[in-house]
Protein chains: 2
Amino acid sequence: MDKKKDISMAVIKRLPKYYRHLAELLRNDVDRVSSKELSEKIGFTASQIRQDFNCFGGFGQQGYGYNVKELYNEISHILGLDKKYSTVIIGAGNIGQALANYSRFDKFGFDLKAIFDVNPKLIGMRIKDVEITDLDQMESFLAENKVDIGIICVPQAQAQKVADLLVDNGVKGIWNFAPLDIQVPENVSIENVHLSESLLTLVYLMNDLDK
Amino acid sequence: MDKKKDISMAVIKRLPKYYRHLAELLRNDVDRVSSKELSEKIGFTASQIRQDFNCFGGFGQQGYGYNVKELYNEISHILGLDKKYSTVIIGAGNIGQALANYSRFDKFGFDLKAIFDVNPKLIGMRIKDVEITDLDQMESFLAENKVDIGIICVPQAQAQKVADLLVDNGVKGIWNFAPLDIQVPENVSIENVHLSESLLTLVYLMNDLDK
DNA sequence: TAGATTGTTAATCGATTAACAATC
DNA sequence: TAGATTGTTAATCGATTAACAATC
């Protein structure tokens with residue numbers, strides 16, 4: 001119920017970076033940080049950092065800067081990391097398995113509830129105590145378990161169909177690794193991760209430097 | 001030796017999306033496409049699409065639109081996909097293995113030459129005909145083999161060191177999956193992929209909708 | 001030729017940076 | 001108090017959109 005203006009996507013995309021760098025300062029027992037110091041560390045201008053924080057309210061103190069712990073907590077809250085999220089992975093191929101095994105996400109409070117696949121060779125296998133289940137059973141699973149986020153790791157041809165099924169069964173966030181842009185209704189959030197596009201960007205930049 | 005102005009990063013990031021959609025049109029045997037049609041498919045405005053293409057020269061024809069095959073070839077060339085790239089993966093954990101297995105990249109002309117790790121349990125294992133080799137041997141490998149791109153999948157603490165080693169041995173592109181921003185000299189290109197940041201963005205957007 | 005659609009210039013919009021008064 | 005640094009407004013910069021003449 002925050003009285004929040006519309007935050008631009010540019011700002012939103014920077015929030016996780018602030019979060020990451022503040023977590024690091026916290027690990028290093030740094031108590032306070034100025035926008036100038038943060039600027040040198042993150043690579044945004046000090047002005048931009050102050051503007052960004054002020055989208056959400058004044059967290060700093062003139063003449064002092066920002067209290068690291070406090071700022072970290074504020075940004076955690078803004079991102080919604082003071083809550084837990086239940087997830088399911090659909091598609092237990094290379095990427096699905098890698099994400100299931102990736103322990104980094106547990107620490108943020110993400111809880112992997114199930115992994116689904118259609119491949120009989122994979123069904124029954126366990127990854128980190130989570131059994132790979134037949135995709136046929138996903139709908140009934142979603143009916144019985146509240147799932148916040150669906151992580152789509154199936155091939156392109158199946159991805160939109162899987163997303164529709166998730167959305168129809170109450171999932172409110174889709175993290176998509178299939179190489180297409182998944183369409184969702186406007187009460188559902190989507191992040192499309194396009195690894196190939198990132199690699200192609202790198203290749204462009206490499207060739208650009210040769211000019 | 002193109003007479004190219006400075007292309008903004010916003011445009012560069014859209015190029016792989018054009019490439020992907022044009023490849024799809026090509027698969028579906030579509031011969032021609034107007035900026036308006038492409039606009040409906042990709043979700044950028046027709047005006048932006050024409051502006052973007054005109055950064056690189058006029059590929060279209062008034063009254064007709066764009067020839068799909070021709071435009072696809074142009075963008076392939078702009079991205080540098082008419083060349084082959086040799087790659088190495090450093091870190092054969094979850095993500096490293098997933099990327100090594102991911103066949104999508106082969107199709108673009110990326111050729112995985114080696115996989116390095118420090119873990120004796122992994123060394124000697126094969127992924128897709130590529131043997132996992134002791135990281136100790138990377139320097140001599142790079143001396144003997146031209147490698148274009150190093151894909152970093154090691155933990156955060158080792159990532160910058162690995163990047164430095166790659167750069168010192170002539171690698172000109174770094175694709176980084178470790179959760180930090182790798183620093184490289186300006187004659188080297190870098191793409192940092194931050195999966196956690198993407199997930200945190202999703203969570204923010206989910207909470208934002210609840211407001 | 002008439003209709004369609006580009007290439008390109010001009011107008012608008014939004015995001016970043018600069019500046020500085022407020023204040024700790 | 002004097003020095004430092006925020007919060008915030010104003011100026012600048014860049015990217016997107018609109019418009020339309022050129023032309024296929």
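Cut-offs applied
- Residues numbered from 1 in each chain as written.
- Chains lettered and ligands numbered in written order.
- Predicted model: local features only at pLDDT ≥ 70, side-chain atom pairs only at ≥ 80, totals over all residues.
- Heavy atoms only, no water.
- UniProt positions renumbered as here; feature names shortened; annotations may be inferred.
- Helix = DSSP H or I, 4+ residues; strand = E, 2+ residues; numbered from the N terminus.
- Expected span 1.5 Å × (residues − 1).
- Near = heavy atom within 4 Å.
- Polar contact = N/O pair within 3.5 Å; in protein donor to acceptor, adjacent residues only side chain to side chain.
- Nonpolar A, V, L, I, M, F, W, Y, C, P; charged D, E, K, R; others polar.
- Least-squares fit on C-alpha atoms with pLDDT ≥ 70 in both.
- Contact = heavy atoms within 4.5 Å.
- Buried < 20%, exposed > 50% of the residue type's maximum accessible area, 1.4 Å probe, protein only.

- For chain A, the name recorded in an unreviewed UniProt entry is Redox-sensing transcriptional repressor Rex, with Proteiniclasticum aestuarii as its organism.
- In its Subcellular location (unreviewed entry) section, the UniProt record describing chain A reads: "Cytoplasm".
- In UniProt, chain A has this text filed under Function (unreviewed entry): "Modulates transcription in response to changes in cellular NADH/NAD(+) redox state."

## Concerning helix α8 (residues 156-168) of chain A
Then comes step 1: With 13 residues, α8 of chain A should cover 18 Å at 1.5 Å per step; its first-to-last C-alpha distance of 19 Å lies within 8% of that length.
Then comes step 2: Following α8 of chain A by one or two positions, G170 of chain A has its phi on the positive side, about 95 degrees.

## Description of the protein's contact with DNA strand D
Then comes step 1: Around DNA strand D lies a shell of 26 residues, among which S35 and G60 of chain A together with S47, Q51 and Q61 of chain B are the nearest.
Then comes step 2: Per the 4 Å cut-off to the protein, sugar and phosphate atoms form 56% of the nearby atoms of DNA strand D.
Then comes step 3: Here a phosphate oxygen of DNA strand D and a side-chain polar atom of N54 of chain A are 3.2 Å apart.
Then comes step 4: Q51 of chain B places a side-chain nitrogen or oxygen 2.5 Å from a base oxygen of DNA strand D.
Then comes step 5: For the surface near DNA strand D, the element with the most residues is helix α3 (residues 46-54) of chain B, which contributes 4 residues.
Then comes step 6: Classifying every residue of the surface near DNA strand D gives 4 nonpolar, 18 polar and 4 charged.

## Side note on the protein's contact with DNA strand C
Then comes step 1: Near DNA strand C, the surroundings consist of 26 residues, among which S47, Q51 and Q61 of chain A together with S35 and G60 of chain B are the closest.
Then comes step 2: Restricting attention to atoms of DNA strand C within 4 Å of the protein, one finds that 56% of them are sugar or phosphate atoms.
Then comes step 3: Within the side chain of Q48 of chain A, a nitrogen or oxygen atom sits 3.0 Å from a sugar or linking oxygen of DNA strand C.
Then comes step 4: A distance of 2.8 Å separates a phosphate oxygen of DNA strand C from a polar atom in the backbone of G60 of chain B.
Then comes step 5: Going through the elements one at a time, α1 (9-27) and α3 (46-54) of chain A together with α3, β2 (60-61) and β3 (65-67) of chain B are the ones with two or more residues in the surface near DNA strand C.

## Re the relation of the copies chain B and chain A
Then comes step 1: Turning chain B through 180 degrees and shifting it by 0.0 Å along the axis lays it on chain A, with an RMSD of 0.0 Å. Such a combination of turn and shift is consistent with a two-fold rotation axis. The C-alpha atom lying nearest the rotation axis in chain B is that of A98 of chain B; the distance is 3.1 Å.
Then comes step 2: A shared interface surface links the copies, since 100% of the contact residues of chain B are contact residues in chain A too.

## A few points about unusual backbone geometry
Residue and element names in this part refer to chain A.
Then comes step 1: Not every positive phi belongs to a glycine, and K128 is a case in point at roughly 50 degrees.
Then comes step 2: For K128, the position within the fold is in the loop between β6 (126-127) and β7 (130-134).
Then comes step 3: Take K128: its relative accessible area is 40%, and that puts it in the partly exposed class.
Then comes step 4: The phi dihedral of D129 falls on the positive side, at around 70 degrees, and the residue is not glycine.
Then comes step 5: Along the chain, D129 turns up in the loop between β6 and β7.

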